[in-house]
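Structural overview for review
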There are 2 protein chains.
Amino acid sequence: MNNSAESSYIGLEQNGIVQPLLTDLYQITMAYAYWKSGKSNATAVFDLYFRKNPFHGEFTIFAGLEECLKFIQKFHYSETDIQYLRTVLPISIENEFFEYLQSLTADEVSLFAVHEGTVVFPREPLIRVEGPLIVVQILETTLLNLVNYASLMSTNAARFRLAAGKLKLYEFGLRRAQGPDGGLSASKYSYIGGFDGTSNVLAGKLYNIPVKGTHAHSYVTSFCCLPEVTVTQLQPKAGGEKREFLQYAMKWREKLMSSFQVPTSQASDGEFAAFISFAIAFPDMFMALVDTYDVVKSGLFNFCSVALALHDFGYSPIGIRLDSGDLAYLSNVARNHFRKIADIYQIPSFENLVIMASNDINEETILSLNEQGHSIDAFGIGTHLVTCQKQPALGGVFKMVEIDGQPRIKLSHDVEKVTIPGKKETFRLYGGEGYALIDILQRTVEDSPCVDHKVLCRHPFQESKRAYVSPVRVEKLLVLYWNKGKICQKLPNMQEVRDRVKNSLKILRSDIKRSLNPTPYKVAVSDNLYTFLHDLWLENAPIGELS
Amino acid sequence: MNNSAESSYIGLEQNGIVQPLLTDLYQITMAYAYWKSGKSNATAVFDLYFRKNPFHGEFTIFAGLEECLKFIQKFHYSETDIQYLRTVLPISIENEFFEYLQSLTADEVSLFAVHEGTVVFPREPLIRVEGPLIVVQILETTLLNLVNYASLMSTNAARFRLAAGKLKLYEFGLRRAQGPDGGLSASKYSYIGGFDGTSNVLAGKLYNIPVKGTHAHSYVTSFCCLPEVTVTQLQPKAGGEKREFLQYAMKWREKLMSSFQVPTSQASDGEFAAFISFAIAFPDMFMALVDTYDVVKSGLFNFCSVALALHDFGYSPIGIRLDSGDLAYLSNVARNHFRKIADIYQIPSFENLVIMASNDINEETILSLNEQGHSIDAFGIGTHLVTCQKQPALGGVFKMVEIDGQPRIKLSHDVEKVTIPGKKETFRLYGGEGYALIDILQRTVEDSPCVDHKVLCRHPFQESKRAYVSPVRVEKLLVLYWNKGKICQKLPNMQEVRDRVKNSLKILRSDIKRSLNPTPYKVAVSDNLYTFLHDLWLENAPIGELS
């Protein structure tokens, strides 16, 4: 199978439905109201961020940036878009507005963003967009759509990766994904988040992700007896004449079952026929689904017999897949069988045959299997991965923080929903051991934190929570990605984004990443921003009267 | 706004990523193994069905059929598909196989399906596909992808519709949807399931679904004081000279707040400026988001003042949107204000101003609001609707039930997972009151049930559960939709599918549709199928040995 995913996915056509009308109607009605009241060209600053890490965790992976950049690069209303909008908006709307809309591009907008694949936290801007109010506002829904699921999916995949350690992980969710594009995005962002491959062939073709797959239960049940094996010969790996393969496999089955003291009648002949045919078709990648009838009484013996015959012919069988039952128990039984065979027949490689599991697996299943002890080498993960079952949406928002140089704040009874006003930078401060200590938001007018200088980090909403931090390294998180109508950073290819996820997670202490009761990572504000925020808050919140 | 959705959506280009490679790799490896062992043209019958209704409910809406038909209509591997597959599959694979793959179409396949929009139940085939094994098998993943989310989404929407009764429902979920296409599918299938419209403009353009939207909090916060209202005049509805609108609104605000005995200082001037500007831009569709600062102290007064000024100018304001807080309480406060104003100023229409709510609403929220008593007329629903948060995947499966005339059964320790073998028809039997009584699966070789003749209906797995039913009406659910390379039914337009959902739900007794502890609707098998199923089961399950 193709295992090289180094080539870039940049330059790929974006899904055609990512276009300016993939938005909420209120963006267009607001655009007209802005235009009508002469506010179109007010200079606005919006932050895209989220308020809470998903999956009861304490970290999030930022993804979707490349899609956002492709979207703003080609941002432009088509003729038919404008025709459609004319039918939707009131007839009283001036023709000039539609002409103005049609002339709009994102060329006057600047977009700063965290690098795609970086670990990020609540309340810090992932993207900051500056430019004419009307354009920045109009980008909202599409940017959110492109970032929310991509980041959620990458984060989910990264969590599976952490749970699975060095075991292989494959995304098998296409049939349960939320529509065709949901499936494709799932394959892409689960690879970015740390998966080793996908079953989705189109994702393999489009993004050069390694693809995996063997057969389904239906393949096994399509055979009912040995005479159905029509091609019975196989050429040995070393070359030369084709030889009878079926007989080898049959001999092995008799031998094995008698040495394991199981009557041959227990093993399904249909399954055996299916495995033999599959091995003849794919002698170099023989992997068998062994639970169609009974793993212990039938599947394992049928697999081992065919695998041993393949070994006689010079091939290296790959392993088995378990898709039901007690995965810990069955994988241990299988490993014991493999060990015994390796031992009895002096074929050491049999001990390490791959055991893959794929039945409705989620993060907790993997953690629980780890605790019980199992012999699984690889997981195929579907529904829970692609639908992000534990939390199917990341609540990313896009909020105005400044207009024409004046800061804006959105108040709320819920403190978590109060926005942090003004144009801001985020710095990540690192400690001596290479771990990130804290992220700090500052106003852009402030000086950047310096290495080895004390920085006062304050909780944005709790006055008494403060700490001095002397960073060993300071990283500025927001980078200018789009300026004057151009993408102004080299975009990483998918492998590079994947590597960034991996490396980015390394800078987090393990207690922040653990599944159960993780430690929150702190996002602070500078002293200057703290005062700025609270002064503005008081100014905007009139004193109530109890009555 | 455009409210006509009668025109057909047939003929629309399907999303380009719906193509034969949007599948799991194992379909291709199985295809080769079938080909290699001469099984390609065995005649296979597969059923597409699900095992459990979603959302703890007892019904499901079948959707996605048109997409499936479009897919099989154009089913064909492209040159580049084959090129890619050559890189993925082992080098040993014969060139003839790739040539064969490239020649494949779905022309020899027959597809029977339940009409799109019909209410359906566990274990009954939604789609039955018959034809050459290799082609039928290869269709699996894509068909499941197209049916699973479409049906889940339509069912979710239908449940919201049942909970909301006659209230208006709008889909507002694009930003939280699972990718761009996830968002578009959500808009489409929520409309089919009974929603009244969407905020998604592209869905409006492509599917002619009514679109809705006003403004966001950012629009309100972009204004900070009254001098920012640059356009202050408005032409009265009846025509004639433009007149000062701002002053009217200001006068109304003073009048109102004094009559409600609230100091004017409590109401935000920025919000007031935003509402005035919005009303001048959209005098005929003035709807305001009233919770940016404080609904009771600010938003309602600002809205009512502008609405009264609009009324003076001959326009009919629409209403308000609430996006936070206690929706039952706030909506009742708002309705009381509206009533008082209607009464004091003798403007009866004010009593019926629309109150829309849109804050993280799910089915339970609506049911709970109904219980508490509220004054909401319309809901805007996002995350919970489009991600199907309560259950983000429908577990649809595609199982082989017959090959070359021989029935196939897939056994499992879990009885629910045992397949019902053989080629089957489904009949819906109706009682005297027009309600559906039971669905019955029969073998295709059996005679159809007849009106007024007793039919023995058996539980598929529990021998003692049997009942005679004398139907007043019999409906055959599976209809031939694709035959000899052609779609052979007139496809309904989206409005017709939507109507079918509505009418299909009417044939279910209300206890089956209720949210809490609904009564299961029964899907039975005929006596003939019962015996057939259990004989085959025994044949395939060897007697175990306890050891």
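Residues numbered from 1 in each chain as written. Chains lettered and ligands numbered in written order. Predicted model: local features only at pLDDT ≥ 70, side-chain atom pairs only at ≥ 80, totals over all residues. Heavy atoms only, no water.

**A short note on unusual backbone geometry**
Basically, it comes down to this: Secondary structure elements are taken from DSSP: a helix is a run of H or I of four residues or more, a strand is a run of E of two residues or more, and numbering for both begins at the N terminus.
Positioned with a positive phi, arginine 123 of chain A is a non-glycine residue whose angle comes to about 75°. At histidine 56 of chain B, a position not held by glycine, the phi torsion is positive, near 55°. Summarising the element assignment, histidine 56 of chain B is placed in the loop between β1 (43-49) and β2 (60-61).

**What about the side chain of lysine 36 of chain B?**
Basically, it comes down to this: Think of it in three bands: with a 1.4 Å probe and only protein chains considered, a residue is buried below 20% of the maximum accessible area for its type, exposed above 50%, and partly exposed in between.
Tracing the chain through its elements places lysine 36 of chain B in helix α1 (residues 25-36). The buried category is assigned to lysine 36 of chain B, whose relative accessible area is 19%.

**Points about helix α6 (residues 179-192) of chain B**
Residues and elements named next belong to chain B. Formally: Expected span of a helix: the number of residues minus one, times 1.5 Å.
In a regular helix each residue adds 1.5 Å, so 14 residues correspond to 20 Å; α6 covers 20 Å between its end C-alpha atoms and thus fits that length. Counting buried positions along α6 yields 14 of 14 residues, so the element is predominantly enclosed. Positioned one or two residues after α6, glycine 194 has a phi angle of 125°, which is positive.

**Some thoughts on the sheet that holds strand β11 (residues 319-322) of chain A**
Residue and element names in this part refer to chain A. Cut-off, in case you're wondering: For two strands to count as paired, DSSP must find a minimum of two bridges between them.
Pairing in this open sheet of 6 strands is parallel, and the strands run β7-β6-β13-β12-β11-β10 from one edge to the other. Each having just a single partner strand, β7 (197-198) and β10 (287-289) make up the two edges of the open sheet. Two strands pair when backbone bridges link them, and strand β6 (residues 168-171) and strand β13 (residues 378-381) are joined in this way by 4 bridges, in the parallel orientation. From the neighbouring strand, lysine 168 faces β13, where its bridge partner is alanine 378.

**Observations concerning the interface of chain A and chain B**
The cut-off we apply is this: Only heavy atoms enter the contact rule, under which two residues are in contact if any of them lie within 4.5 Å. Accessible-area loss on putting two parts together, using a 1.4 Å probe and summing over both, is the definition of buried area adopted here. Salt bridge, as used here, is a side-chain nitrogen of Lys or Arg placed within 4 Å of a carboxyl oxygen of Asp or Glu. Side-chain atoms alone can form a polar contact between residues adjacent in sequence; in general such a contact is a pair of N or O atoms within 3.5 Å, and within protein one must be able to donate a hydrogen while the other accepts it. Ten residues, namely Ala, Val, Leu, Ile, Met, Phe, Trp, Tyr, Cys and Pro, are considered nonpolar, four, namely Asp, Glu, Lys and Arg, are considered charged, and the remaining ones, Gly among them, are considered polar.
Contact with chain A, which involves 110 residues of that partner, is made by 110 residues of chain B. For the pairing of chain A and chain B, the buried interface totals around 9100 Å² over both sides, and the portion due to carbon and sulfur atoms is 60%. Remark: the boundary between chain A and chain B carries 8 salt bridges. Among the ionic pairs, aspartate 81 of chain A bridges to lysine 205 of chain B, the shortest N-O distance being 2.7 Å. Where chain A packs against chain B, one counts 46 residue pairs in polar contact (both at pLDDT 80 or more). Here the side of chain A that touches chain B takes 10 residues from helix α1 (residues 25-36) of chain A, the largest share from any one element. In terms of residue class, the side of chain A that touches chain B is made up of 52 nonpolar, 39 polar and 19 charged.

**Quick notes on the relation of the copies chain A and chain B**
Worth spelling out the cut-off: To superpose the copies, least squares is applied to the C-alpha atoms of every residue with a pLDDT of at least 70 in both.
Mapping chain A onto chain B calls for a rotation angle of 180° and an axial translation of 0.0 Å; the resulting RMSD is 0.0 Å. The superposition operator between the copies reduces to a two-fold rotation axis. Both copies present the same face, since 100% of the interface residues in chain A are matched by interface residues at the equivalent positions in chain B.

**Description of the pairing of strand β1 (residues 43-49) of chain A**
Residues and elements named next belong to chain A. With 6 of 7 residues buried, β1 lies mostly within the body of the structure. Bridge count for β1 against strand β14 (residues 397-403) is 6 bridges, and the pairing is antiparallel. Counted as the bridge partner of valine 45 is glutamate 402 from β14.

**Points about the pattern of salt bridges**
All names here are of chain B. Scanning the model with the defined rule gives 55 salt bridges over all chains in all. Close ionic contact of glutamate 363 with arginine 159 constitutes a salt bridge, the shortest N to O distance being 3.0 Å. A residue pair is termed long-range when its members are at least 10 positions apart, and glutamate 363 in helix α13 (residues 363-372) and arginine 159 in helix α5 (residues 133-164) qualify at 204 residues. Taken individually, glutamate 363 and arginine 159 each receive the classification buried, so the pair is uniform in this respect. For arginine 458, the salt bridge identified is with aspartate 527, shortest N-O distance 2.9 Å. Residue arginine 458 is found in strand β18 (residues 455-458), and its partner aspartate 527 is found in helix α17 (residues 527-540); the two are separated by 69 residues along the sequence. Under the relative-accessibility criterion, arginine 458 is labelled buried at 9%. On the basis of relative accessibility, which here comes to 34%, the residue aspartate 527 falls in the partly exposed class.

**Points about the packing of helix α11 (residues 295-312) of chain B against helix α12 (residues 327-344) of chain B**
Residue and element names in this part refer to chain B. Inclusion rule: All axes are obtained by fitting lines to C-alpha atoms, using only the stretch in contact for helices, and the reported angles, taken between N-to-C directions, cover 0 to 180 degrees. If you view the pair so one helix is near and one far, a crossing is left-handed when the near helix is turned anticlockwise from the far one by less than a right angle, and right-handed when it is turned clockwise.
Axis separation between α11 and α12 bottoms out at 11 Å; the angle between their running directions is 35°. Regarding α11 and α12, the two cross each other, and that crossing is right-handed. Between α11, through Val295, Val296, Leu300, Phe301, Phe303, Cys304 and Leu308, and α12, the contact on the second element is made entirely by Leu330, Val333, Ala334, His337, Phe338 and Ile341. Here the contact of α11 with α12 is built from residues that sort into 12 nonpolar, 1 polar and no charged.

**Some points on the UniProt feature "domain: Nicotinate phosphoribosyltransferase C-terminal" (unreviewed entry) in chain A**
Keep this limit in mind: UniProt positions are given in the numbering used here, feature names are shortened, and annotations may be inferred rather than shown by experiment.
Under the UniProt annotation, "domain: Nicotinate phosphoribosyltransferase C-terminal" (unreviewed entry) lies at residues 423-532 of chain A. Structurally, residues 423-532 of chain A is divided into 21% helix and 34% strand, and its ends, taken at the C-alpha atoms, are 11 Å apart.

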